[in-house]
Amino acid sequence: MKATAKAPANIAFIKYWGKADDELRIPLNSSISMNLSEAYTVTTVEFQSDFKKDAVTLLGGSFSEKETARVIQGLERIRQRVGISMYARVVTKNTFPKGVGSAASASGFAALTVAGFSAAGVKLTEKELTIFARMGSGSACRSIPDGFVVWEKGKTSEDSYAHSLYSSTYWDIRDILVIVDAHMKKVPTTEGMEGIMTSPYWQDRIAGIPAKIIAMKLALAEKNFEKFGNSIEEDTLNMHHIMQTQTPPLMYWNDRTKEIMKRVYGWRKDGLPVYFSIDAGPNVHLFCEGKDINALVQKVRDIDGVQSIIINKPSIGAHCIPNHLF
Ligand code: DP6
């Protein structure tokens, strides 16, 4: 009983920061994202009756005890839903450094969910898969459906799920993930967002989200890149304002991050339509339209301190692949 799944990381245009239910990972607000073609996780799950315990391996890296326990909890949810008691062997690999943002937990739990249910021989609906992925890591639910995705916050576990707004071929947007620091971030997202309500501005952020979701849906429907980019930057800055005014404050940016943000404003002034987004870490996502990708890559490569870049297109969601990798 073995299956392998590939799941993309995703970048949120309107971001998730804060939970209404910590246990079930029901968010305070809905969010919208795009799956990333070149930043992904491949995971194999194998259930066997003669395995004596669960074993979890990250190729090219290692999981902490806490991370391993979180994966095992994910397996436990699958076992309960399916009604089996076999232990599992999980082998996983990312195309990008773990801990550079939320990316690895999103693609990781999406891949674990799809591979896990497939290995157990049970076919769930896409909606149900997004709900199980969400319980592993909130943003993981957005890595299951194709392309451009909305996560409806919902009120209960059953109605907090993700679905596709547009397929991956709908709009030729590019995302350059600019890595300026590949080390594990200091405060993980789960812990960081627990402090949202210590910011005096959190209620304003949450109250403003429904209008932002409508504006983002409109920008996508119109393929209006300027509206799209401005909404992304506005929400990034708003989320970081909340982070920075929490107690204790969360300062995820470093000097390189700020330098890139400044450059983006300059490039835009010079006529290159490019916008930034930043998650819970110092690395920066840059958005442009397909026609501008070469010009933008050239400029990014010229910046001191850029360790690597990953150039993404919109991607399909998590899916099973042949078991040839591990
Ligand atoms: C800043 O999904 O990593 O990237 O549900 O606690 O696992 P948990 O959090 P996670 O948070 C992602 C936060 C973010 C914004 C976003 O991706 O929407």
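Residues numbered from 1 in each chain as written. Predicted model: local features only at pLDDT ≥ 70, side-chain atom pairs only at ≥ 80, totals over all residues. Heavy atoms only, no water.

Participant: In this structure, what is going on with a negative patch on the surface? I would like to understand it.
Facilitator: On the surface, D22, E23, E191 and E194 cluster together to form a negatively charged patch. You can see E194 is positioned in helix α4 (residues 189-194). Note on E194: relative accessible area 56%, which makes it exposed. (Patch = residues over 30% accessible without salt bridge, like charges linked within 9 Å, V, L, I, M, F, W, Y side chains within 5 Å. Areas by Shrake-Rupley, 256 points an atom, 1.4 Å probe, with all protein chains shown as cover. Salt bridge = Lys/Arg side-chain N within 4 Å of Asp/Glu carboxyl O. Lys, Arg positive; Asp, Glu negative; His and termini not counted. Charge placed at Lys NZ, Arg CZ, Asp CG, Glu CD. Helix = DSSP H or I, 4+ residues; strand = E, 2+ residues; numbered from the N terminus. Buried < 20%, exposed > 50% of the residue type's maximum accessible area, 1.4 Å probe, protein only.)

Participant: Just checking my understanding: could you explain the packing of aromatic side chains for this structure?
Facilitator: What characterises a pair of aromatic rings is the spacing of the ring centres plus the angle enclosed by the ring planes. Scanning the model with the defined rule gives 13 aromatic pairs in all. Ring centres of F225 and F228 lie 5.6 Å apart, and the angle between their planes is 35°; on these two criteria the pair is classed as tilted. Here F225 and its partner F228 are both found in helix α6 (residues 225-244), three residues apart, which amounts to about one turn of the helix. The buried category is assigned to F225, whose relative accessible area is 6%. Arranged with centres 5.7 Å apart and planes meeting at 70°, the rings of Y265 and F276 form a pair that is edge-to-face. (Phe/Tyr/Trp six-rings, centres within 6.5 Å; stacked < 30°, edge-to-face > 60°.)

Participant: Just checking my understanding: could you explain unusual backbone geometry for this structure?
Facilitator: Note: most residues except glycine have negative phi, and most peptide bonds are trans. P248 follows T247 through a cis peptide bond whose omega is -10°. Here P248 lies in the loop between α6 and α7 (255-269). Of note, R25 is a non-glycine position whose phi angle comes to about 55°, a positive value. Considering the arrangement of structural elements, one finds R25 in the loop between β2 (19-21) and β3 (26-27). Here K223, not a glycine, exhibits a phi torsion of approximately 50°, which is positive.

Participant: Explain the environment of D204 to me, please; I cannot follow it from the model alone.
Facilitator: Mapped onto the elements, D204 comes out in helix α5 (residues 202-222). Taking the C-alpha atoms as reference, D204 lies 14 Å from L237; in sequence the two are 33 residues apart.

Participant: Got a minute to help me understand the nonpolar core in this structure?
Facilitator: For soluble globular proteins, nonpolar side chains are generally found buried alongside one another. Formed by 30 residues in total, the largest nonpolar core has its most connected members in V45, F47, L75, L112 and I144. Listed by contribution, the elements that provide at least two residues to this core are β1 (2-14), β4 (31-48), α1 (65-82), β6 (87-94), α2 (103-119) and α3 (126-136). If one sorts the elements of this core by residue count, α2 sits on top with eight residues. Non-local contacts of L112, meaning those with residues more than four positions away in its chain, are made with T43, V45, V71, G74, L75, I78 and V90. The next biggest cluster of nonpolar side chains, apart from the first, holds 28 residues, and it includes I14, I32, Y170 and I232. (Core = buried A, V, L, I, M, F, W, Y, C linked by side-chain atoms within 4.5 Å. Contact = heavy atoms within 4.5 Å.)

Participant: How should the pattern of salt bridges be read in this particular structure?
Facilitator: A side chain of one charge can pair with a side chain of the opposite charge when the charged atoms of the two come close. Tallying each qualifying case throughout the model produces twelve salt bridges. Of the charged contacts in the structure, one is a salt bridge between R205 and D235, with a shortest N-O distance of 2.7 Å. Of the two residues, R205 is situated in helix α5 and D235 in helix α6; the sequence distance between them amounts to 30 residues. The residues R205 and D235 share a single accessibility class, namely buried. For the salt bridge of E234 with K212, the shortest nitrogen-to-oxygen distance reads 3.2 Å. Pair noted here: E234 is in helix α6 and K212 is in helix α5, with a separation of 22 residues, a long-range link. Taking relative accessible area as the criterion, E234 reaches 42% and is therefore assigned partly exposed. Each of R205, K212, E234 and D235 takes part in one network of salt bridges that share partners.

Participant: Explain the packing of α6 against α7 to me, please; I cannot follow it from the model alone.
Facilitator: Think of two packed helices as two axes; the pair is described by the angle between the axes and how far apart they sit. Running from amino to carboxyl end, α6 crosses α7 at an angle of 155°, the nearest separation of the two axes being 14 Å. Compared by their axis directions, α6 and α7 come out roughly antiparallel. For the pair α6 and α7, the crossing hand works out as left-handed. When α6 is examined against α7, the residues N230, E233 and L237 are found in contact with a partner set consisting of M261, V264, Y265 and R268. The class makeup of the residues in the contact of α6 with α7 is four nonpolar, one polar and two charged. (Axes fitted to C-alpha atoms, helices over the stretch in contact; angles between N-to-C directions. Parallel < 35°, antiparallel > 145°, perpendicular 65-115°, else oblique. Left-handed = near helix turned anticlockwise from the far one by under 90°. Nonpolar A, V, L, I, M, F, W, Y, C, P; charged D, E, K, R; others polar.)

Participant: I keep staring at the sheet that holds strand β10 (residues 275-277) and nothing clicks. Help me out?
Facilitator: The four strands are arranged β10-β11-β9-β12 in an open sheet whose pairing can be described as antiparallel. Each edge of the open sheet is held by one strand with a lone partner, namely β10 and β12 (308-312). Mean inter-strand twist for the sheet, computed between neighbouring axes without regard to direction, equals 25°. Strand direction decides the pairing type here: β10 and strand β11 (residues 284-289), joined by three bridges, are antiparallel. Across the sheet, the residue bridging to F276 is L286, located in β11. Contacts from helix α8 (residues 293-301) reach β9 (173-179), β11 and β12, with the element oriented near 10° to β9. (Pairing = 2+ DSSP bridges.)

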